[in-house]
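Read off the chains here:
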Protein chains: 2
Amino acid sequence: MHDFEDEMDDDLPRVVIVGAGFGGLEAARGLRHAPVRVTVIDRSNHHLFQPLLYQVATAGLSPAEISAPIRAVLRHQANAEVFLAEVTGVDVAGKRVLLGDEAVPYDYLILATGARHSYFGHDDWEPFAPGLKSIADATHIRRKILLAFEAAEREDDPARQQALLTFVVIGGGPTGVEMAGAIAELAHMALRRDFRHIDPANARIVLVEAMPRLLGAFPEDLAERVREHLEKLGVTVLTQTPVQEVDAEGIIAGGERIAARTVIWAAGVQASPAGKWLHAATDRQGRVFVQPDLTLPEHPEIFVIGDTAHLEEDGKPLPGVAQVALQQGRYAAQVIRARVRGLPDPPPFHYHDKGSMATVGRAYAIVQMPRARFTGFFAWITWLVVHLFFLIDFRNRLMVLFQWAWAYFTYQRSARLIVEDPPRAASPAPRVPDAAGV
Amino acid sequence: MHDFEDEMDDDLPRVVIVGAGFGGLEAARGLRHAPVRVTVIDRSNHHLFQPLLYQVATAGLSPAEISAPIRAVLRHQANAEVFLAEVTGVDVAGKRVLLGDEAVPYDYLILATGARHSYFGHDDWEPFAPGLKSIADATHIRRKILLAFEAAEREDDPARQQALLTFVVIGGGPTGVEMAGAIAELAHMALRRDFRHIDPANARIVLVEAMPRLLGAFPEDLAERVREHLEKLGVTVLTQTPVQEVDAEGIIAGGERIAARTVIWAAGVQASPAGKWLHAATDRQGRVFVQPDLTLPEHPEIFVIGDTAHLEEDGKPLPGVAQVALQQGRYAAQVIRARVRGLPDPPPFHYHDKGSMATVGRAYAIVQMPRARFTGFFAWITWLVVHLFFLIDFRNRLMVLFQWAWAYFTYQRSARLIVEDPPRAASPAPRVPDAAGV
């Protein structure tokens with residue numbers, strides 16, 4: 001039995017990592033053999049595999065299958081501790097991370113706090129068009145979608161029934177495309193025989209994008225293939241159609257009203273408040289401008305990585321994708337390892353683009369790699385293998401593989417649960433924050 | 001393509017079933033070949049396998065793994081429709097079930113609305129000692145347990161830390177016993193290496209029972225074996241210890257205060273408000289007195305079954321267990337089948353006790369059958385096979401079996417998720433109720 005009170009070595013340089021997403025966890029793991037004390041702070045107790053979050057929102061996977069407790073991930077890393085806590089600010093001069101009344105001192109700080117969705121100044125749209133960033137967001141959207149079918153089954157008025165069976169996804173990036181494809185399949189396949197007074201196959205799914213085409217980050221021909229495949233699944237794709245209004249009755253887009261009781265926001269993201277904590281210069285999306293070593297100007301002890309950072313390569317800011325966060329987390333750990341050992345810094349950060357991919361419904365995906373691009377079933381298998389590989393927990397890999405195989409052969413969804421939270425308990429909560437998603 | 005508007009036959013006798021638990025679903029299935037129109041009403045969209053709910057509360061299983069959408073269960077039963085709705089009353093004279101402003105007429109009514117926990121007149125205890133009846137209850141308790149460990153990790157005051165690491169389960173019936181065993185294993189096995197400032201193995205689990213022994217419904221020697229096994233797992237078992245007070249600091253039981261930040265209620269149940277809807281005579285737990293054919297006196301068209309009904313055999317009321325509900329659901333369907341066909345009623349309901357079982361942590365259970373009783377590993381295998389067999393969905397059986405096998409060999413828990421609900425949307429909800437529990 002070892003002495004738990006003494007497990008952390010107080011004399012080592014202390015690295016505080018805020019956020020246990022892809023970037024933060026990769027940084028923590030990169031420091032596992034370094035002579036430092038690592039403290040990971042997150043307001044959620046779990047690491048979340050965000051690329052599959054849309055499958056939770058569309059009842060394909062359970063929350064636990066794409067999550068792993070941060071503590072369990074770092075269980076065998078003896079120099080790492082985990083705090084479930086909400087960061088309220090950073091005392092840059094005093095080198096302390098503030099958690100309400102408490103403060104955690106640091107020698108090195110890595111801010112990897114990610115991004116939230118942004119409504120481009122229309123925050124009043126949020127109640128009608130929820131976005132998808134956390135498990136709570138996903139179960140909220142799942143509930144909204146499933147309740148719309150339930151309400152339509154009991155609705156006599158044809159106009160109201162059609163509005164209940166209309167699903168609008170705003171934003172034609174990868175999340176919007178994947179969401180729209182998944183809702184189409186849910187309605188047209190999984191729910192097909194489950195109702196007596198409506199035919200879910202009549203559900204209308206509309207994907208709305210302001211730009212002239214879907215998937216701006218992909219080559220045009222791939223985006224065109226995706227559009228064709230979405231239309232084959234029964235999705236109405238409206239490009240060059242900016243959204244002007246979102247309310248309880250639906251949206252106005254391109255001057256026309258679409259009556260829809262379910263609207264999902266997949267359009268914009270905004271960096272977390274790390275820039276405000278640091279009083280640092282940020283871009284319009286709130287991302288902190290960092291130097292080529294990912295640190296804040298004049299603060300070589302503060303790293304900002306992933307979706308929270310703005311770093312340009314070839315004149316363009318790096319995209320907000322998992323690969324950038326992972327590579328930056330690894331790089332920040334590398335720099336800190338060098339510095340605590342008195343070695344020279346590694347060369348500036350350089351992003352290795354390994355390609356990107358998006359999936360559209362069942363058995364179809366597009367893959368773009370530096371030297372190859374392909375679409376269809378084989379691309380879907382590639383998508384599947386890559387996503388399984390990056391899932392952090394071996395058990396989750398097996399579970400997700402099983403769910404996908406089951407869904408593939410039966411057309412069914414495993415997690416069609418509508419659950420509300422019970423009334424909040426009156427007992428004083430333990431001294432930790434509400435643990436809503438990152 | 002068939003005409004969805006016409007799928008239900010309006011001319012057939014209409015059977016309305018309220019509640020899609022074991023009894024309600026079994027009744028619906030028993031009517032699948034009968035010339036009737038079946039309407040199943042539940043305020044939740046899923047059937048819940050309650051005997052495994054404690055495993056969701058202790059992070060062993062995901063909610064979706066012990067649930068099945070009611071619609072999916074009845075998908076192939078063409079004479080059945082499903083309403084997600086909250087029943088507000090019954091118009092007995094007008095033969096209508098009331099759903100707020102709406103009413104659903106019936107020729108036969110089956111009330112299978114189950115039970116909630118009861119605080120024996122101390123409803124003010126509920127916020128401090130949540131009970132376990134719905135998925136929302138289970139994730140609430142899971143959050144409470146996991147947050148207590150998180151808070152303890154960051155607590156410096158030893159007394160407060162000990163209170164955070166003390167878990168009290170009130171009630172020594174099967175649920176309480178299974179809960180206490182599962183928390184002990186969670187603390188002593190699954191979380192063992194995950195913290196740096198506390199040792200979860202020091203967590204104190206206390207099971208409190210007012211009666212002289214655990215498991216009053218089981219033979220005394222089996223109950224004694226359970227007590228021994230619980231103590232081996234590190235559970236403090238206090239029998240003959242009535243609870244006098246529950247508050248934010250813990251409980252007072254048998255005159256002594258136990259400081260505990262997590263208290264779980266597994267002591268009493270109370271029937272759902274079916275008795276009030278019917279203005280019928282009920283027992284102290286609110287169960288409706290029914291006749292030997294499970295109908296209300298003077299109302300041969302109204303059946304009350306399962307935990308909501310009070311029927312005596314051999315001078316004792318039948319217990320509130322799944323087997324009673326299943327057999328009564330089957331019987332009610334049998335009576336209705338006879339009546340719509342103009343045949344004589346079947347003989348009065350008789351409960352066939354097939355035995356009962358309880359499990360205590362990993363690889364230990366007790367089984368009591370009419371002609372046999374056994375304990376230990378073989379009993380656990382029996383428990384496991386029986387529970388898998390009764391899970392309603394084949395996919396769920398595979399998933400749960402996989403989770404159990406994984407947990408057995410790794411000592412890990414799969415669903416250690418702390419998730420809060422997002423703030424409620426301001427948009428007007430669809431015309432269906434909040435879908436909490438039952």
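Residues numbered from 1 in each chain as written. Chains lettered and ligands numbered in written order. Predicted model: local features only at pLDDT ≥ 70, side-chain atom pairs only at ≥ 80, totals over all residues. Heavy atoms only, no water.

**Describing the overall build of chain A**
At step 1: Tallying secondary structure elements over chain A gives eleven helices and 27 strands in all.
At step 2: Against the 2.2 N^0.38 benchmark of 22 Å for 438 residues, chain A shows a C-alpha radius of gyration of 23 Å, consistent with a compact globule.
At step 3: Along the three orthogonal principal directions, the C-alpha set of chain A runs to about 70 × 55 × 40 Å.
At step 4: Here chain A, with 438 residues, has 61% of them falling under the buried criterion.
At step 5: Across chain A, the fraction of contacts at a sequence separation of at least 24, relative to all contacts at a separation of at least 6, is 64%.
At step 6: When the accessible surface of chain A is split by element, carbon and sulfur atoms take 54% of a total near 17400 Å².
At step 7: Taken together, the 44 basic and 53 acidic charged side chains of chain A have centroids lying 5 Å from each other. (Helix = DSSP H or I, 4+ residues; strand = E, 2+ residues; numbered from the N terminus. Rg over C-alpha atoms; globule rule 2.2 N^0.38 Å. Buried < 20%, exposed > 50% of the residue type's maximum accessible area, 1.4 Å probe, protein only. Contact = heavy atoms within 4.5 Å. Areas by Shrake-Rupley, 256 points an atom, 1.4 Å probe, with all protein chains shown as cover. Lys, Arg positive; Asp, Glu negative; His and termini not counted. Charge placed at Lys NZ, Arg CZ, Asp CG, Glu CD.)

**Quick look at the side chain of Thr382(A)**
At step 1: Its place among the elements puts Thr382(A) in helix α10 (residues 377-390).
At step 2: For Thr382(A), a relative accessible area of 18% gives the class buried.

**A word on the nonpolar core**
At step 1: Judged by nonpolar contacts, the single largest core of 74 residues is most densely connected at Ile66(A), Ile145(A), Phe149(A), Met179(A), Leu230(A) and Trp383(A).
At step 2: The residues touching Phe149(A), leaving out its near neighbours within four places in the chain, are Leu165(A), Phe167(A), Ala187(A), Leu191(A), Phe195(A), Ile198(A), Pro200(A) and Ala203(A). (Core = buried A, V, L, I, M, F, W, Y, C linked by side-chain atoms within 4.5 Å.)

**Looking at the sheet that holds strand β8 (residues 102-105) of chain A**
Residue and element names in this part refer to chain A.
At step 1: Reading across the sheet, the three strands line up as β6-β7-β8 and stay open at both edges, with antiparallel pairing between neighbours. Each end of this open sheet is capped by a strand with a single partner; those strands are β6 (89-91) and β8. Strand after strand, the sheet turns through a mean of 30° between neighbouring axes, direction not considered. (Pairing = 2+ DSSP bridges. Axes fitted to C-alpha atoms, helices over the stretch in contact; angles between N-to-C directions.)

**As for the packing of helix α1 (residues 22-30) of chain B against helix α9 (residues 322-340) of chain B**
Residues and elements named next belong to chain B.
At step 1: Relative orientation of the contacting elements α1 and α9 amounts to 30°, with a least axis distance of 7 Å. It follows that α1 is roughly parallel to α9 by the angle criterion. Judged by the twist between their axes, the crossing of α1 over α9 is right-handed. Judged by residue contacts, Phe22, Gly23, Glu26, Ala27 and Gly30 of α1 engage Ala322, Ala325, Leu326, Gly329, Arg330, Ala333 and Arg337 from α9.
At step 2: Looking at the contact of α1 with α9 residue by residue, the classes come out as six nonpolar, three polar and three charged. (Parallel < 35°, antiparallel > 145°, perpendicular 65-115°, else oblique. Left-handed = near helix turned anticlockwise from the far one by under 90°. Nonpolar A, V, L, I, M, F, W, Y, C, P; charged D, E, K, R; others polar.)

**Quick look at a nonpolar patch on the surface**
Residue and element names in this part refer to chain A.
At step 1: Nonpolar side chains collect at one region of the surface, where Phe377, Phe378, Ile381 and Val385 lie side by side and expose about 390 Å² of accessible area between them.
At step 2: Following the sequence through the fold, Phe377 ends up in helix α10.
At step 3: Relative accessible area serves as the criterion here: at 44%, Phe377 is assigned to the partly exposed category. (Patch = residues over 30% accessible without salt bridge, like charges linked within 9 Å, V, L, I, M, F, W, Y side chains within 5 Å. Salt bridge = Lys/Arg side-chain N within 4 Å of Asp/Glu carboxyl O.)

**Section: the packing of helix α10 (residues 377-390) of chain B against helix α11 (residues 394-410) of chain B**
Residues and elements named next belong to chain B.
At step 1: Between α10 and α11, whose axes approach to 9 Å, the crossing angle comes to 155°. Judged by the angle between their axes, α10 and α11 are roughly antiparallel. As for the relative orientation of α10 and α11, their crossing is right-handed in sense. When α10 is examined against α11, the residues Phe377, Trp380, Trp383, Leu384, His387, Leu388 and Phe389 are found in contact with a partner set consisting of Arg397, Val400, Leu401, Trp404 and Tyr408.

**Notes on the side chain of Asp293(A)**
Residue and element names in this part refer to chain A.
At step 1: Within the secondary structure, Asp293 is located in the loop between β19 (288-289) and β20 (295-296).
At step 2: For Asp293, a relative accessible area of 16% corresponds to the buried category.
At step 3: In this structure the side chain of Asp293 is engaged in a polar contact, spanning 3.1 Å, whose partner is the side chain of Arg339.
At step 4: Excluding residues within four positions of it along the chain, Asp293 makes contact with Phe303, Tyr331, Arg339 and Asp345. (Polar contact = N/O pair within 3.5 Å; in protein donor to acceptor, adjacent residues only side chain to side chain.)

**Quick notes on the sheet that holds strand β27 (residues 372-376) of chain A**
Residues and elements named next belong to chain A.
At step 1: In space, the three strands of this open sheet follow the order β25-β26-β27, with antiparallel pairing throughout. Each having just a single partner strand, β25 (356-359) and β27 make up the two edges of the open sheet. Strand-to-strand twist in this sheet, taken as the mean axis angle between neighbours without regard to direction, amounts to 5°.

**Brief notes about the packing of aromatic side chains**
At step 1: A complete count under the given rule lists 22 aromatic pairs over all chains for this structure.
At step 2: Measuring from centroid to centroid gives 5.7 Å for Phe22(A) and Phe49(A), while their planes differ by 80°, and the two rings are edge-to-face. One end of the pair, Phe22(A), is in helix α1 (residues 22-30); the other, Phe49(A), is in the loop between β3 (46-48) and α2 (53-57), with 27 residues separating them in the sequence.
At step 3: The buried category is assigned to Phe22(A), whose relative accessible area is 15%.
At step 4: Grouping aromatic residues by their ring pairs yields a cluster made of Tyr119(A), Phe120(A), Trp125(A) and Trp265(A).
At step 5: When the ring centre of Phe83(B) is taken as reference, the NZ or CZ atom of Arg154(A) above it lies at 5.2 Å. (Phe/Tyr/Trp six-rings, centres within 6.5 Å; stacked < 30°, edge-to-face > 60°. Lys NZ or Arg CZ within 6 Å of the ring centre and 35° of its normal.)

**Remarks on the confidence of the model for chain A**
Residue and element names in this part refer to chain A.
At step 1: Here chain A averages 90 in pLDDT, and 94% of its residues register 70 or above.
At step 2: Across residues 1-6, confidence stays below pLDDT 50; counting only partners more than four residues off in sequence or on other chains, it has ten contacts.
At step 3: Predicted confidence is poor over residues 421-438, with pLDDT under 50, and the contacts of this stretch with residues over four places away or in other chains come to 56 contacts.
At step 4: Our summary of model confidence lists the complex with pTM equal to 0.89 and ipTM equal to 0.85. (pLDDT = per-residue confidence, 0-100.)

**Regarding the environment of His76(B)**
At step 1: Residue placement: His76(B) occurs in the loop between α3 (70-73) and β5 (80-84).
At step 2: Exposure remark for His76(B): the relative accessible area of 73% places this residue in the exposed category.

**What about helix α6 (residues 174-190) of chain A?**
At step 1: In a regular helix each residue adds 1.5 Å, so 17 residues correspond to 24 Å; α6(A) covers 22 Å between its end C-alpha atoms and thus fits that length.
At step 2: Of all 17 residues in α6(A), 14 are buried, a share of seventy percent or more. (Expected span 1.5 Å × (residues − 1).)

**Here's the deal with helix α7 (residues 220-232) of chain B**
Residue and element names in this part refer to chain B.
At step 1: Compared with an ideal rise of 1.5 Å per residue, which puts 13 residues at 18 Å, α7 spans 19 Å between its outermost C-alpha atoms and is within 8% of the ideal.
At step 2: Every buried residue of α7 is accounted for by Leu222, Ala223, Val226, His229 and Leu230. Taken down its axis, α7 places every buried residue within 120° of arc, on the same side. Of the exposed residues in α7, the ones pointing more than 90 degrees away from its buried face are Glu220 and Lys232.
At step 3: Structurally, α7 contributes buried residues whose contacts are with α6 (174-190), β12 (204-208), β13 (235-238), β26 (365-369) and β27 (372-376).
At step 4: Where α7 ends, the next residue or the one after it, Gly234, has phi of about 95°, a positive value. (Arc of directions from axis to C-beta.)

**Here's the deal with unusual backbone geometry**
At step 1: Notably, Phe120(A) is not glycine yet its phi reads approximately 50°, a positive angle.
At step 2: Assignment of secondary structure puts Phe120(A) in the loop between β10 (115-118) and α4 (135-153).
At step 3: Here Phe120(A) falls in the exposed class, since its relative accessible area comes to 56%.
At step 4: Positive phi is not limited to glycine here, since Glu298(B) has a value of about 70°.
At step 5: The topology assignment puts Glu298(B) in the loop between β20 (295-296) and β21 (299-304).
At step 6: With relative accessibility at 76%, the residue Glu298(B) sits in the exposed group.

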